[in-house]
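One-letter residues, chain by chain:
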Amino acid sequence: IKLQDKRHHLIEKPQKFALKPDIVMNKDDKVIRIADTKWKIIHEDKDINQADLYQMYAYGKKYNINQLYLIYPKDGENQTKFKFKYDDNLRLKVCYFDLER
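Residues numbered from 1 in each chain as written. Predicted model: local features only at pLDDT ≥ 70, side-chain atom pairs only at ≥ 80, totals over all residues. Heavy atoms only, no water.

**Focus on the pairing of strand β4 (residues 23–27)**
Put simply, the rule is: Whether two strands pair depends on DSSP finding at least two bridges between them. Elements are defined by DSSP. Helices are runs of H or I of four residues or more, strands are runs of E of two residues or more, and each kind is numbered from the N terminus.
Bridge count for strand β1 (residues 2–3) against β4 is two bridges, and the pairing is antiparallel. Along β4, the bridge assignment pairs L3 with I23. Sheet analysis places β4 next to strand β5 (residues 30–37), joined by five bridges and oriented antiparallel. What sits directly across from V24, in β5, is I34. Connecting β4 to the antiparallel partner β5 that follows it, the hairpin turn spans two residues, and D28 within it adopts a positive phi of roughly 55°.

**Considerations on the pattern of salt bridges**
Here is the rule we go by: Here, a salt bridge means any side-chain nitrogen of Lys or Arg that lies within 4 Å of a carboxyl oxygen of Asp or Glu. Burial classification: accessible surface area is computed with a 1.4 Å probe over protein chains only, and a residue below 20% of its type maximum counts as buried, one above 50% as exposed, and the rest as partly exposed.
Summed over the entire model, instances satisfying the criterion amount to six salt bridges. Between K62 and E12 there is a salt bridge; the shortest N-O distance is 3.7 Å. Of this pair, K62 sits in helix α1 (residues 50–63) while E12 sits in the loop between β2 (8–11) and β3 (16–19), placing them 50 residues apart in sequence. Given the relative accessible area of 27%, K62 is considered partly exposed. Here E12 falls in the partly exposed class, since its relative accessible area comes to 31%. By sharing partners, the salt bridges in this structure join D36, K38 and D52 into a single network.

**Concerning the environment of L10**
In plain terms, the rule: For this analysis, residues touch if any pair of their heavy atoms sits within 4.5 Å.
Its place among the elements puts L10 in strand β2. By relative accessible area, which is 44% here, L10 ends up partly exposed. Linking L10 and I34, residues 24 residues apart in sequence, is a C-alpha distance of 16 Å. Ignoring any residue separated from it by four or fewer positions in sequence, one finds L10 in contact with K16, F17, L19, A58 and K62.

Right, dumping it as structure tokens:
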């Protein structure tokens, strides 16, 4: 697991706009999952910022992976688990982390 990975840029030539996913999971030197953390409380899919969805899409395409995760703080017991399908090969799951435990 690597934090704040910086190996890709949104624009490669010339290199501009470094992509910095919060969590990059590797297996055998290959990226298999990317997760990004947010500090906003969400309850509905409309609470998810469109820019965050674009950001995750860019991570998926640049790192050539198929599974992405957005991690938000847990607020209460019943938070909806959202799943988004960008295309046939790229999926995003919304997860929650309990900051009180």
